[in-house]
Amino acid sequence: MVHSRRQFFRAALALGSAAALGACSQSTEAAKTITIGFVPIACSAPLLAADARGAFAKHNINVQLRKFAGWADLWTAYATGELDVAHMLSPMPIAIDSGLASAARPTELAFTQNTNGQALALAAEHNPNVQEAADLKGMVLGIPFEYSVHSLLLRDYLSANGVDPVRDLELRLLRPADMVAQLSVGTIDGFIGPEPFNQRALATGAGRIFVPTKEMWDQHPCCSVAVAKDIPTEVRDGIVAALHEGAQFVDNPAHAAEAAPLLGQEKYLNQNPELIEPALLGDYTDWHGEHHVDPNVINFGGATSQTAITWMAAQLSKQKLGTNPLAWDDAVIKEAAQAVLPREADTSSAALTINGRRFDPARPTE
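Residues numbered from 1 in each chain as written. Predicted model: local features only at pLDDT ≥ 70, side-chain atom pairs only at ≥ 80, totals over all residues. Heavy atoms only, no water.

## A word on the overall build of the protein
Check the secondary structure of the protein and you find 16 helices and 16 strands. In terms of overall size, the protein behaves like a compact globule, its C-alpha atoms giving a radius of gyration of 20 Å where 366 residues would be expected to give roughly 21 Å. A principal-axis box enclosing the C-alpha atoms of the protein has dimensions of 70 × 45 × 35 Å. Taking contacts inside the protein between residues at least 6 apart in sequence as the whole, the part at least 24 apart equals 75%. When the accessible surface of the protein is totalled, it reaches about 14,800 Å², and 47% of it is carbon and sulfur. Taking the average location of the 27 positive side-chain charges in the protein and that of its 40 negative ones, the two points are 5 Å from each other. (Helix = DSSP H or I, 4+ residues; strand = E, 2+ residues; numbered from the N terminus. Rg over C-alpha atoms; globule rule 2.2 N^0.38 Å. Contact = heavy atoms within 4.5 Å. Areas by Shrake-Rupley, 256 points an atom, 1.4 Å probe, with all protein chains shown as cover. Lys, Arg positive; Asp, Glu negative; His and termini not counted. Charge placed at Lys NZ, Arg CZ, Asp CG, Glu CD.)

Set out below in structure tokens:
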């Protein structure tokens, strides 16, 4: 008799014949299928491409994707054990592994899906009057989740430019799919968010790109795939291998025309491919009306950076996010980052420049 979920997974993966599968119990069959939650944004492209192109099956993993409209619902599903694997914003595994909120669950940031690829977009009516960060005072800006690089990076950008992110403006939580609609009707002045919603703001004329996040911190991680630490190693490794294949496909600009309609399907992003393709190519118009094509506006599948995750842990602490925030202590911050890193992480410790300020991962509180 199989007594644990880990044994269920292993038993299911070992069953190679139709006869064996037919004899398998209902609980074993259920354990064999891994449900992965995701939010439909372009950052999830490696996960979606891996599913669409059969990469999970190639690695003997039976995956079922489950779409969530926003991060709060996905967070709850993962925290309560409905999901063991989930697309997450990269600070989320730190927050849930460290127990910053009411929920806590041992979690690994197993795969970094993308770097860069976000932007601070403002309502077109603010152009050209708004020209610098100080002009953002008094605005309402949308963010997708408190435990997001968007939230952390925007708060840091504002404070680095003399704007208090608490007293000088309002940061409002919004689902990514609602951001452009809220911008169009004037309930927000702007948002920091993912693609293809920046492209949608441009296409509809509702907004313009004020600052790509690449200019705040080049090659910053954004989204990840997180796994519960009690998932069997062979299942985790199969998922990561499939994600690498998906990332290699979508990271190649030569595949953009093919990838856009694949990702745009209703079961995935449910978006017009004409909005997805320019996002994959880094094709956009900036605040000053200049056209750019920069393939490094978004990249997929880079190594998880220990230094970057340490910065995120430091920002979660500095900004006192969560009901049980991390202590402002070098050892605590470094331990919180180290606890979620995968064994494949890039452990180099060179300092970073973020919003014009130097960050040393050895001394995160400096």
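That covers the picture; the talk isn't over yet.
## Digging into the domain arrangement of the protein
With domains assigned, the protein is organised as domain 1 (34–115 + 220–359) and domain 2 (118–216). The C-alpha centroid of domain 2 is placed 21 Å from the C-alpha centroid of domain 1. Between domain 1 and domain 2, the residue contacts involve 45 residues of the former and 39 residues of the latter. Between domain 1 and domain 2 the total buried area reaches about 3,500 Å² when both faces are included, carbon and sulfur atoms providing 64% of it. By the criterion of area lost to domain 2, the three top residues of domain 1 are L275, W287 and N355, representing 25% of everything that side buries. At the boundary of domain 1 and domain 2, one finds 2 salt bridges. In this structure, the salt-bridge partner of D156 is R357, at a minimum N-O distance of 2.6 Å. Where domain 1 packs against domain 2, one counts 14 residue pairs in polar contact (both at pLDDT 80 or more). Of all the elements in the fold, those that place two or more residues in the side of domain 1 that touches domain 2 are α6 (71–79), α7 (91–98), α14 (273–281), β12 (283–285), α15 (306–318) and β15 (352–354). (Domains from an automatic or database assignment. Buried area = accessible area lost by both parts, 1.4 Å probe. Salt bridge = Lys/Arg side-chain N within 4 Å of Asp/Glu carboxyl O. Polar contact = N/O pair within 3.5 Å; in protein donor to acceptor, adjacent residues only side chain to side chain.)

## Re helix α16 (residues 330–340)
Among the residues of α16, I333, A336, A337 and V340 are the ones counted as buried. Take α16 and look down its axis: the buried residues cluster within an arc of 95 degrees, on one side only. Buried residues belonging to α16 abut α7, β4 (107–112) and α15. With a side-chain oxygen positioned 3.1 Å from the backbone nitrogen of A331, the residue opening α16 is D329. (Buried < 20%, exposed > 50% of the residue type's maximum accessible area, 1.4 Å probe, protein only. Arc of directions from axis to C-beta.)

## Some remarks on the sheet that holds strand β3 (residues 85–89)
Taking strand neighbours across the sheet as the criterion, the 5 strands line up as β2-β1-β3-β11-β4 in an open arrangement whose pairing is mixed. Edge positions in the sheet fall to β2 (62–67) and β4, since each of these pairs with one other strand and no more. Across this sheet, the average inter-strand angle for adjacent strands is 30 degrees, counted without regard to direction. Sheet topology note: the strand β1 (residues 33–38)/β3 ladder contains 2 bridges and is parallel. The residue of β3 that forms the bridge with I36 is V85. (Pairing = 2+ DSSP bridges. Axes fitted to C-alpha atoms, helices over the stretch in contact; angles between N-to-C directions.)

## As for the nonpolar core
If you look at the biggest cluster of nonpolar residues, it comprises 83 residues, and the most contacted ones within it are L120, L136, Y147 and Y157. Broken down by element, the residue count for this core peaks at 7 residues, all from α15. Counting contributing residues, this core receives three or more from each of domain 1 (34–115 + 220–359) and domain 2 (118–216). Each residue touching Y157, except ones within four places of it in the same chain, is listed here: L120, A133, L136, F210, V211, M216 and N355. (Core = buried A, V, L, I, M, F, W, Y, C linked by side-chain atoms within 4.5 Å.)

## Here we look at the side chain of Q271
Looking at where Q271 falls in the secondary structure, it is placed in the loop between α13 (256–263) and α14. The contact partners of Q271, leaving out residues within four places of it in the chain, are P196, F197, R200, G264 and I276.

## Some thoughts on the packing of aromatic side chains
In this structure the tally under the stated criterion is 5 aromatic pairs. Ring centres of F145 and Y147 lie 5.7 Å apart, and the angle between their planes is 80 degrees; this geometry places the pair in the edge-to-face category. Ring plane angle 85 degrees and centroid distance 5.2 Å describe the contact between F210 and W287, whose orientation is recorded as edge-to-face. With F210 in strand β10 (residues 207–212) and W287 in the loop between β12 and β13 (291–293), this residue pair connects regions lying 77 residues apart in the sequence. (Phe/Tyr/Trp six-rings, centres within 6.5 Å; stacked < 30°, edge-to-face > 60°.)

## Some points on the pattern of salt bridges
In this structure the tally under the stated criterion is 17 salt bridges. Of the charged contacts, one joins E82 and R66 as a salt bridge, the two residues approaching to 2.9 Å between their closest N and O atoms. Taken together, the residues span a long stretch of sequence, with E82 in the loop between α6 and β3 and R66 in strand β2 at a distance of 16 residues. On the basis of relative accessibility, which here comes to 33%, the residue R66 falls in the partly exposed class. We note a salt bridge from R167 to D164, for which the minimum N-O separation is 2.9 Å. Within the structure, one salt-bridge network assembled from shared partners comprises E108, R236, D237, R343 and E344.

## Considering the sheet that holds strand β7 (residues 140–143)
The 5 strands are arranged β8-β7-β9-β6-β10 in an open sheet whose pairing can be described as mixed. Two strands bound the open sheet, and with one partner strand each, they are β8 (170–173) and β10. Averaged over all pairs of adjacent strands, the angle between strand axes in this sheet comes to 30 degrees, irrespective of strand direction. As defined by bridge partners, β7 adjoins strand β9 (residues 190–193) across 2 bridges and the pair is classed as parallel. Residue L141 lies in a different strand from β9, and its bridge partner there is G190.

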